[in-house]
Amino acid sequence: MNSFDWLSHMGIPEVDNFDIVEVKFKGGRKEYFRNLDYLDLHTGDPVVVDVPSGHHIGYVSLQGELVRLQMQKRKIRDDDNITRIYRIANQKDLEKWEEAKNREIPSLYRCRQIIQELGLKMKLSDVEYQADNSKATFYYSADERVDFRELIKILAGEFRIRVEMRQISLRQEAGRLGGIGVCGRELCCSTWLVDFKNVSTSAARYQNLSLNPSKLSGQCGRLKCCLNYELDTYIEAIKNIPTVEKPLLTEQGPAKLQKTDIFRRLMWFSYNNDNDWHSISCDRVVEILEINSNGGKVFNLQVNESTELEDMAAQSTLELELLDKKFSKKKKKKKKNRNRPPRNQEAQAPNTNQQSSPAKQGNQNTPREEARATNNQSQKRRNPRRKPRQRPDMGSNENKNPNQGSPSNSGDSNNSRQKRRFPPRKNQKPNNGKGDE
């Protein structure tokens, strides 16, 4: 029922139990009735209550001492104007109430047609029938005063019921219609809000929100009620934030305030309206304001004099030099490992340098050639099935002259080199080494 009894677990004496009960009706409307017969009521029970023009049915939303506090908050007096609860609603009462509620939507559509025919400047939002089917309340909203006397006569004659017109605000209209807010929850005005406080744009300014009407307004078209929830917390936090009315004077140029983080106590400034923002604490801002009030300037937002900046730069360079030395040692170790010969060659010829002659030492391979040899060996290991590529020997005629190895055929081989056959060109006869026949 969107109400929480936070006093239910407390040991309140039952002798002085409060006899007034809060009852909820359609659209979130809540009223108070007296339980003279001391009925055993629970939250959510349907009860039949006394109203000025008959009886109506509602649901119990709150009872006990918490009702006394709610009445004090809403400034409702505990006097004879509070009517009584007749009984707990039975099945016949609920069936009759359902028949009355089934007439609400057709009456709403018909009433809107009549309003258009009469040309009245009003917006009808909801209709509520009484449980005894003797009265209908029409809720509307309008910007100006509306003369609806003719409308009441037409409605009373057509529906044959007592008609009451009640004007409501846009916030109350949104509460009666209901909906889901941008937070993903049901609207506060349709669940638990009773009194609507005034909301101004200053609440958005205190919270550093952009003054965009589409984002700050709710479904009712007015500013959101939730803007007031955290306003007191922001006002308390702003008291410790210095007010900067003028740009801060520095040797780098005037620093203009761009943004303030209230809870982290940080303020962002920019030199000469640049896009680069520099954040400093609120205590540092107070210090700079005091120096500027005495007619002085600071070197920049971080330090007062240039010597402090030089000390900071020297300290940063020392840190960088230490890091360079640390990483340079690691790089040297890696280079030594790269220049070492492969382990296979060391195992095969461990004493080649001692037994080799000076002439052989001069013909030793260079490190680049050794690296190439190791690469070739690794490629052979990776692809053992791959055959080495053979370059065509232009002077070899093994297939043509099988007896090439004998000395007698050496002359023929030279002649064959000179009389090399080529494939025929297009549109020509094959060349057989003879003249034209």
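For the structure given in this document, a descriptive report is provided here. (Residues numbered from 1 in each chain as written. Predicted model: local features only at pLDDT ≥ 70, side-chain atom pairs only at ≥ 80, totals over all residues. Heavy atoms only, no water.)

**Let's talk about the overall build of the protein chain**
No. 1: Looking only at helices and strands, the protein chain has 15 helices and eleven strands in total.
No. 2: Taking the intrachain contacts of the protein chain between residues at least 6 apart in sequence as the baseline, contacts between residues at least 24 apart amount to 55%.
No. 3: Total accessible area computed for the protein chain in this model is approximately 32,900 Å², and 47% of it derives from carbon and sulfur atoms. (Helix = DSSP H or I, 4+ residues; strand = E, 2+ residues; numbered from the N terminus. Contact = heavy atoms within 4.5 Å. Areas by Shrake-Rupley, 256 points an atom, 1.4 Å probe, with all protein chains shown as cover.)

**Details of the sheet that holds strand S6 (residues 123-129)**
No. 1: Pairing is mixed across the open sheet formed by three strands, whose spatial order is S6-S7-S8. Whereas interior strands pair on both sides, the edge strands pair on one side only; in this sheet they are S6 and strand S8 (162-167). Neighbour-to-neighbour, the strand axes of the sheet open up by a mean angle of 25°, direction not taken into account.
No. 2: Pairing geometry for S6 and strand S7 (residues 135-141), over six bridges, is antiparallel. The residue of S7 that forms the bridge with Leu124 is Tyr140. (Pairing = 2+ DSSP bridges. Axes fitted to C-alpha atoms, helices over the stretch in contact; angles between N-to-C directions.)

**As for the sheet that holds strand S3 (residues 46-51)**
No. 1: The strand order across the open sheet formed by five strands is S2-S1-S4-S3-S5, and the pairing between neighbours is antiparallel. Pairing within the sheet leaves two strands with one partner each, and these edge strands are strand S2 (30-34) and strand S5 (85-88). Each adjacent strand pair in this sheet contributes to an overall mean axis angle of 45°, direction not counted.
No. 2: This element, helix H1 (residues 65-73), spans strand S1 (20-24), S2 and strand S4 (54-63) of the sheet and lies at about 105° to S4.
No. 3: Contacting S3, S4 and S5, helix H2 (residues 91-101) runs over the sheet at an angle of about 110° to S4.

**Describing the packing of aromatic side chains**
No. 1: For the coordinates displayed, the defined rule picks out five aromatic pairs.
No. 2: Seen from their ring centres, Phe25 and Phe33 are 6.1 Å apart, and the 75° between their planes marks the pair as edge-to-face. Take Phe25 and Phe33: they sit in the same class, and that class is buried.
No. 3: Between Tyr59 and Trp97, the aromatic rings sit 6.1 Å apart at their centres with planes inclined by 50°, giving tilted as the arrangement. A residue pair is termed long-range when its members are at least 10 positions apart, and Tyr59 in strand S4 and Trp97 in helix H2 qualify at 38 residues.
No. 4: Assessed through its relative accessible area of 10%, Trp97 is described here as buried. (Phe/Tyr/Trp six-rings, centres within 6.5 Å; stacked < 30°, edge-to-face > 60°. Buried < 20%, exposed > 50% of the residue type's maximum accessible area, 1.4 Å probe, protein only.)

**Details of a nonpolar patch on the surface**
No. 1: Taken together, the side chains of Leu320, Leu323 and Phe327 define a hydrophobic patch exposed on the protein surface, amounting to about 300 Å² of accessible area.
No. 2: With respect to the helices and strands, the residue Leu323 is situated in helix H10 (residues 306-339). (Patch = residues over 30% accessible without salt bridge, like charges linked within 9 Å, V, L, I, M, F, W, Y side chains within 5 Å. Salt bridge = Lys/Arg side-chain N within 4 Å of Asp/Glu carboxyl O.)

**With respect to the nonpolar core**
No. 1: If you look at the biggest cluster of nonpolar residues, it comprises 21 residues, and the most contacted ones within it are Met122, Phe138, Leu151, Leu155 and Met165.
No. 2: Ranked by size, the runner-up nonpolar core spans 16 residues in total, among them Ile241, Leu248, Val298 and Leu301. (Core = buried A, V, L, I, M, F, W, Y, C linked by side-chain atoms within 4.5 Å.)

**Observations concerning the state of the cysteines**
No. 1: This structure, assessed with the given rule, holds zero disulfides.
No. 2: With no disulfide of its own, Cys183 lies 6.4 Å from the sulfur of Cys188, the closest cysteine sulfur. (Disulfide = S-S within 2.5 Å.)

**What to know about the packing of helix H3 (residues 104-118) against helix H4 (residues 149-159)**
No. 1: Viewed as axis vectors pointing N to C, H3 and H4 meet at an angle of 140°, and their least axial separation amounts to 11 Å. Here H3 is positioned oblique relative to H4, judged by the angle of their axes. When you trace H3 past H4, the crossing you get is right-handed. Listed contacts from H4 to Ser107, Arg110, Cys111, Ile114, Ile115 and Leu118 of H3 are Glu150, Leu151, Ile154, Leu155, Glu158 and Phe159. (Parallel < 35°, antiparallel > 145°, perpendicular 65-115°, else oblique. Left-handed = near helix turned anticlockwise from the far one by under 90°.)

**Section: the pattern of salt bridges**
No. 1: As enumerated under the stated definition, the model contains 21 salt bridges in all.
No. 2: A salt bridge links Asp126 to Arg176, with the shortest nitrogen-to-oxygen separation between them at 3.1 Å. Of this pair, Asp126 sits in strand S6 while Arg176 sits in helix H5 (residues 170-177), and the two are 50 residues apart along the sequence.

**With respect to the pairing of S2**
No. 1: Of all five residues making up S2, four are buried, and the element is well covered by its neighbours.
No. 2: Judged from the five bridges that link them, S1 and S2 form a sheet pairing that is antiparallel. The partner of Val23 across the bridge, within S2, is Glu31.
No. 3: Here S1 folds back onto S2, and the loop between the two strands holds five residues, one of which, Gly27, carries a positive phi near 80°.

**Points about helix H8 (residues 231-238)**
No. 1: Of all the positions in H8, only Leu231, Tyr234 and Ala237 are classed as buried. Looking down the long axis of H8, one finds its buried residues gathered within 125° of arc, a one-sided arrangement. Every exposed residue of H8 that faces more than 90 degrees away from the buried side is listed here: Asp232 and Glu236. (Arc of directions from axis to C-beta.)

**A word on unusual backbone geometry**
Excluding glycine, residues mostly have negative phi values, and the peptide bonds linking residues are mostly trans.
No. 1: Residue Lys75 is not a glycine yet carries a positive backbone phi of 60°.
No. 2: Topologically, Lys75 is positioned in the loop between H1 and S5.
No. 3: Look at Arg265: it is not a glycine, yet its phi comes out positive at around 55°.
No. 4: Under the relative-accessibility criterion, Arg265 is labelled partly exposed at 31%.

**Describing H1**
No. 1: Taken residue by residue, H1 has Glu65, Leu66, Val67 and Met71 as its buried positions.
No. 2: Buried positions along H1 lie against S1, S2 and S4.
No. 3: Backbone geometry just downstream of H1 places Lys75 in the positive-phi region, at approximately 60°.

**Regarding the side chain of Asp126**
No. 1: We classify Asp126 as buried; its relative accessible area is 10%.
No. 2: Separated by 3.2 Å, the side chains of Asp126 and Lys26 make a polar contact.
No. 3: Within the structure, Asp126 has its side chain in polar contact with the side chain of Arg176 (distance 3.1 Å).
No. 4: With sequence-adjacent residues up to four places away left out, Asp126 is seen in contact with Lys26, Leu108, Thr137, Phe138, Tyr139 and Arg176. (Polar contact = N/O pair within 3.5 Å; in protein donor to acceptor, adjacent residues only side chain to side chain.)

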